[in-house]
Amino acid sequence: MRVAVGGREASGRGVDLRDAAVDADTLVAAVRDPADDRVRCPDPGPAHEHVGLVGPDTTLSLRAALAAAARSRGASAPQDADAATAAAELDALDAPAVDLAAARERAADAGESVDALREEVARLRGQVEARREVGADAGAAEAALADAARRLSEAETERVAAEQALERARLAAREARDERERALELADRRDNRRREARAHLARETYDAFRTALDAVPGEASPGERPTAYAGDDVTAALAVARVAALDAPVVLGCGRFDDPVEAAETLDAPVLLV
Amino acid sequence: MLLVVTYAKSARQALRNTCRRHEETVVRRFGRAALFRETAFGAFLALRLRAAHGGDVQLEVTEPLNEFADVPDAVREAAEAYADRETASTPYEAFAAGTDHPDPDELRGTEL
């Protein structure tokens, strides 16, 4: 690991940057960005996302962090194959989007036009009859009626066409939704298997975690399983970091270490002290 | 009632949240679907889901089925007779053969 940041240049497993003009978030971003030359180091593995930055307010999902630590050491879970199969099937699935809004609106508009024109035709027919009854000239009213009747006929044709189009769109949507339903089932299966895999890996790693707790600064009572852990998240994060195989440096701003070399030995990982 | 069916994780989660917050408008919940009261507020909740999740929210209007009014008598009678058959393993097609009961293809081809 080589560091050139905040007016400091250093290399080695443990680097003290407490006097450098740089904050923890900037540092961890530089660690994770392979293009950022301020910190040159190997790629952060799966555990770095969880315990790559340990500050005074660090929070941790212990199960997920332990599972990532197990993965960083090359462990796998019995659920991995099924999760991968579901993920691959999901990727291969082309579930088309469903959008019937335009077809619904066209059908509704067509229906409203027909209703409005029917009323207009009835009104104009009344006018024609009224004028004929009193012997007045009905020519203009008859022309208006004929025009309205023609527009009504057109509107009725449009309504039939719009309803047929909506029905076709609904049938197509039904097939698309079969696919989307399948996609949802696959996503659920993938996520459930992944969750089970995390739980499995966390349980498998728990003995190593309990041992690591004795080596890191901080008090905690681990119990028999991840859900029984009683203690603060910083202590847990330090123990997870010790368990995990970390090639990229852990940024430590938790105030529990004075000596960067000692911190690197305790966590069995490269360390940047801030 | 308004039937709301979801087809994506995000839409399903949003439906769950809606159901939790608006119990008075939700008549029934089933997994990723629910029935809302047929009120303007029920429609508002349903349309809000559709506005946020588009085609992943299917909306239908349901109505109760009255088998004495909405279904041909022969269909209702066939269903009752078949439910009351002597041999549980007899498929409906065999049950209907040689009787006045409609055959399955005839049923499939008849719209209500």
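Rules used throughout
Residue positions are given per chain, counted from 1 along the sequence in the order it is written. In the order they appear in the text, chains get letters beginning with A and ligands get numbers beginning with 1. The predicted nature of this model means local features are confined to residues of pLDDT at least 70 and side-chain atom pairs, given and counted, to a pLDDT of 80 or more, with totals for whole chains, interfaces and linings taken over all residues. A run of DSSP states H or I qualifies as a helix once it reaches four residues; a run of E qualifies as a strand once it reaches two. Both are numbered from the N-terminal end. Two things to know: the radius of gyration comes from C-alpha atoms, and the globule rule equals 2.2 Å times the number of residues to the power 0.38. Field definition: a residue is buried when 20 or more other C-beta atoms are found within 10 Å of its C-beta, exposed when 12 or fewer are, and partly exposed for counts in between, with C-beta atoms placed from the backbone. The pairing criterion is simple: DSSP has to find at least two bridges between the two strands. Each axis is a line fitted through C-alpha atoms, taken for helices only over the stretch in contact, and angles between the N-to-C directions span 0 to 180 degrees. Defined on buried residues, the nonpolar core groups Ala, Val, Leu, Ile, Met, Phe, Trp, Tyr and Cys residues joined through C-beta atoms within 7 Å. For every residue pair, C-beta atoms are placed from the backbone, and the pair is scored as a contact if these atoms sit within 7 Å. Roughly parallel means an angle under 35 degrees; roughly antiparallel, over 145; roughly perpendicular, 65 to 115; everything else is oblique. Left-handed describes a crossing in which the near helix is turned anticlockwise from the far one by less than a right angle; the clockwise case is right-handed. Residue classes follow a fixed rule: Ala, Val, Leu, Ile, Met, Phe, Trp, Tyr, Cys and Pro count as nonpolar, while Asp, Glu, Lys and Arg count as charged, and any other residue, Gly among them, counts as polar. Values of pLDDT, the confidence the predictor places in each residue, fall between 0 and 100.

Side note on the overall build of chain B
When helices and strands are tallied, chain B shows 5 helices and 4 strands. Its helices and strands in sequence order give chain B the pattern β-α-β-β-α-β-α-α-α, from N to C terminus. In terms of C-alpha radius of gyration, chain B reaches 20 Å, well past the compact-globule figure of 13 Å for 112 residues. Overall size of chain B, expressed as C-alpha extent along the three principal axes, is 55 × 30 × 25 Å. Going through the 112 residues of chain B one by one, you find that 19% of them count as buried.

Looking at the pairing of strand β2 (residues 26-30) of chain B
As a general feature of sheets, a regular strand has side chains that alternate between the two faces. Residues and elements named next belong to chain B. Pairing of β2 with strand β3 (residues 33-36), which is carried by 4 bridges, proceeds in the antiparallel orientation. Directly across from F30, in β3, lies its bridge partner A33. Hairpin remark: β2 followed by β3, antiparallel, with 2 residues in the connecting loop; positive phi at G31, about 45°.

A closer look at the sheet that holds β2 of chain B
All names here are of chain B. Judged by pairing direction, the sheet is antiparallel, and its 4 strands sit side by side in the order β2-β3-β1-β4 without closing on themselves. Strands with a single pairing partner mark the edges of an open sheet, and in this sheet they are β2 and β4 (57-61). Pairwise comparison of adjacent strand axes, ignoring direction, gives a mean angle of 15° for this sheet. Pairing geometry for strand β1 (residues 2-6) and β3, over 4 bridges, is antiparallel. Counted as the bridge partner of V5 is A33 from β3.

Digging into the nonpolar core
Counting residues in each nonpolar core, the largest one holds 56 residues, and the members touching the most others are V54, L66, V240, A241, V250, L252 and L272 of chain A. Among the elements that take part in this core, helix α7 (residues 233-243) of chain A stands out by supplying 8 residues, more than any other. Setting aside residues up to four positions removed in sequence, L272 of chain A forms contacts with V3, V15, L17, L27, P249, V251 and L252 of chain A. Counting 14 residues, the second largest nonpolar core, distinct from the first, contains L184 of chain A together with A8, A34 and L45 of chain B.

Observations concerning the packing of helix α1 (residues 9-21) of chain B against helix α2 (residues 40-53) of chain B
All names here are of chain B. The N-to-C vectors of α1 and α2 enclose an angle of 155°; their axes lie 10 Å apart at closest approach. By the angle between their axes, α1 is roughly antiparallel relative to α2. Here α1 and α2 pass one another in a crossing that is right-handed. Only L45, L49, A52 and H53 of α2 make contact with α1, whose side of the interface consists of S10, A11, A14, L15 and T18. Among the residues forming the contact of α1 with α2, the class breakdown is 6 nonpolar, 3 polar and no charged.

Structural notes on the interface of chain B and chain A
Contacts between the two partners involve 7 residues from chain B and, on the opposite side, 8 residues from chain A. Here the residues of the side of chain B that touches chain A are counted per class, giving 2 nonpolar, 3 polar and 2 charged.

Observations regarding the environment of L2 of chain B
Residues and elements named next belong to chain B. By the element assignment, L2 lies in strand β1. The exposure class of L2 is buried, given the 20 C-beta atoms found within 10 Å. Considered as a pair, L2 and A46 are 44 residues apart in the sequence and their alpha carbons are 7.9 Å apart. Beyond its immediate stretch of four places on either side in the chain, L2 contacts L35, F36, E38, G42, A43, A46, L59 and V61.

Re the packing of helix α6 (residues 139-215) of chain A against α7 of chain A
Residue and element names in this part refer to chain A. Close contact between α6 and α7 brings their axes to 8 Å; oriented N to C, the two are set at 115°. Considering their axes alone, α6 and α7 lie roughly perpendicular with respect to each other. Considering only the axes of α6 and α7, their crossing is right-handed. Residue-level inspection shows T205, A208, F209, A212, L213 and A215 of α6 in contact with α7, the latter providing T235, A239, V240, R242 and V243. Grouping the amino acids of the contact of α6 with α7 by side-chain chemistry returns 8 nonpolar, 2 polar and 1 charged.

Looking at the confidence of the model for chain B
Taken as a whole, chain B shows an average pLDDT of 95; of its residues, 100% reach a score of 70 or greater. Predicted complex, confidence summary: ipTM 0.78, pTM 0.77.

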